[in-house]
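Next come the chains, spelled out residue by residue.
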Amino acid sequence: MTAEMVAPEWMHQQITADEYDSWSAEQCAGIEIVDGMVVVSPSASKRHNRLARILANALDAAAGSDWNADTDFDVRLQDVPLTNRRPDVVVYRAETIDITPTRPEHVLLVVEVVSPGSETTDRIVKVDQYAQAGIAFYWRIEQTANGVPLIYTYILDPASRSYRDADMFTGTIRTAAPFAVEIDLNTI
């Protein structure tokens, strides 16, 4: 094993919220913290990133002045043990843009684009974590062999803190309140 392949010591220790908050943006890029442990994900494909960016841009345009939509955005699900997730797209209250860390109560929707290697995490683990945190909407986008993504939407049941299935879309997304958006994902 070469020196470049040895993981830094901090990747083998439980990280606290204070420690994480002291790190630079470069140190935090491309990682999530789950139960205090650093999780490094492989780089997403260009198709994955493009899909997330197109969706974020469309949601941002549709959301009006009350909401922002972004990619590459941390959401602090819990402080102890620290759990920070980095959904592919986040729709959050515009007035909280400078509040760090972003908390679930600031977030309306999280979107995960499923990639090879993230299937179980995006389909099961993150769904539970986002629901337990109280995030109202969750979308999961599955990339298909024919290039037309499948979009699964979920709505939070606040009583049970779990998501119930909403609609499934192919190609075009049409949503209603709290914001309306129509996206033709066939152009990706």
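Everything quoted here is computed from the prediction, not taken from an experiment. (Residues numbered from 1 in each chain as written. Predicted model: local features only at pLDDT ≥ 70, side-chain atom pairs only at ≥ 80, totals over all residues. Heavy atoms only, no water.)

Colleague: Where do I start with the nonpolar core in this structure?
Modeller: Soluble, globular proteins show a tendency: their nonpolar side chains are buried together. Among the nonpolar cores identified, the biggest contains 17 residues, and Leu 55, Leu 59, Val 89, Val 91, Val 111, Trp 139 and Ile 141 are the most heavily contacted of them. Sorting the residues of this core by element identifies helix H3 (46-63), strand E3 (67-70), strand E6 (89-93), strand E7 (107-114) and strand E8 (137-142) as the ones contributing at least two each. The greatest single-element share of this core, amounting to six residues, is contributed by H3. Counting 15 residues, the second-largest nonpolar core is a separate cluster that includes Leu 77, Val 127, Ala 131 and Tyr 163. (Core = buried A, V, L, I, M, F, W, Y, C linked by side-chain atoms within 4.5 Å. Buried < 20%, exposed > 50% of the residue type's maximum accessible area, 1.4 Å probe, protein only. Helix = DSSP H or I, 4+ residues; strand = E, 2+ residues; numbered from the N terminus.)

Colleague: Explain unusual backbone geometry here, please?
Modeller: For residues besides glycine, phi is generally negative; the peptide bonds are generally trans as well. With an omega of -20 degrees, the peptide bond running from Val 80 to Pro 81 counts as cis. Within the fold, Pro 81 resides in the loop between strand E4 (75-78) and strand E5 (83-85). Across the junction of Thr 100 and Pro 101, the peptide omega takes the value 0 degrees, indicating a cis bond. In this structure, Asp 35 takes a positive phi of about 50 degrees despite not being glycine. Within the secondary structure layout, Asp 35 lies in the loop between strand E1 (31-34) and strand E2 (37-40).

Colleague: I would appreciate a short explanation of helix H4 (residues 119-133) in the present structure.
Modeller: Along an α-helix, residues three or four apart share an orientation, since each turn contains 3.6 residues. With 15 residues, H4 ought to run about 21 Å at 1.5 Å a step, and its terminal C-alpha atoms sit 21 Å apart, in line with that. Where H4 bends most, at Lys 126, the angle is about 35 degrees. Looking one or two residues past H4, Gly 134 carries a phi angle of roughly 90 degrees, positive in sign. (Expected span 1.5 Å × (residues − 1). Bend = angle between axes of the 7 residues up to and from the residue.)

Colleague: Hey, could you run me through the packing of aromatic side chains in this one?
Modeller: We describe a pair of aromatic rings using the distance from one ring centre to the other and the angle between the two ring planes. Throughout the structure, instances matching the rule amount to six aromatic pairs. A ring pair is formed by Tyr 130 and Tyr 138, whose centres lie 5.6 Å apart and whose planes are at 45 degrees; its orientation type is tilted. For Tyr 130, a relative accessible area of 0% puts it in the buried group. Using a relative accessible area of 0% as the deciding quantity, one classes Tyr 138 as buried. When the centroid spacing of 5.8 Å and the interplanar angle of 35 degrees are considered together, the rings of Tyr 138 and Tyr 154 count as tilted. In this pair, Tyr 138 is assigned in strand E8 and Tyr 154 in strand E9 (residues 150-157), connecting sequence segments 16 residues apart. Classification of Tyr 154 as buried rests on a relative accessible area of 11%. Ring pairing ties together the aromatic residues Tyr 130, Tyr 138, Tyr 154 and Tyr 163, which thus form one cluster. (Phe/Tyr/Trp six-rings, centres within 6.5 Å; stacked < 30°, edge-to-face > 60°.)

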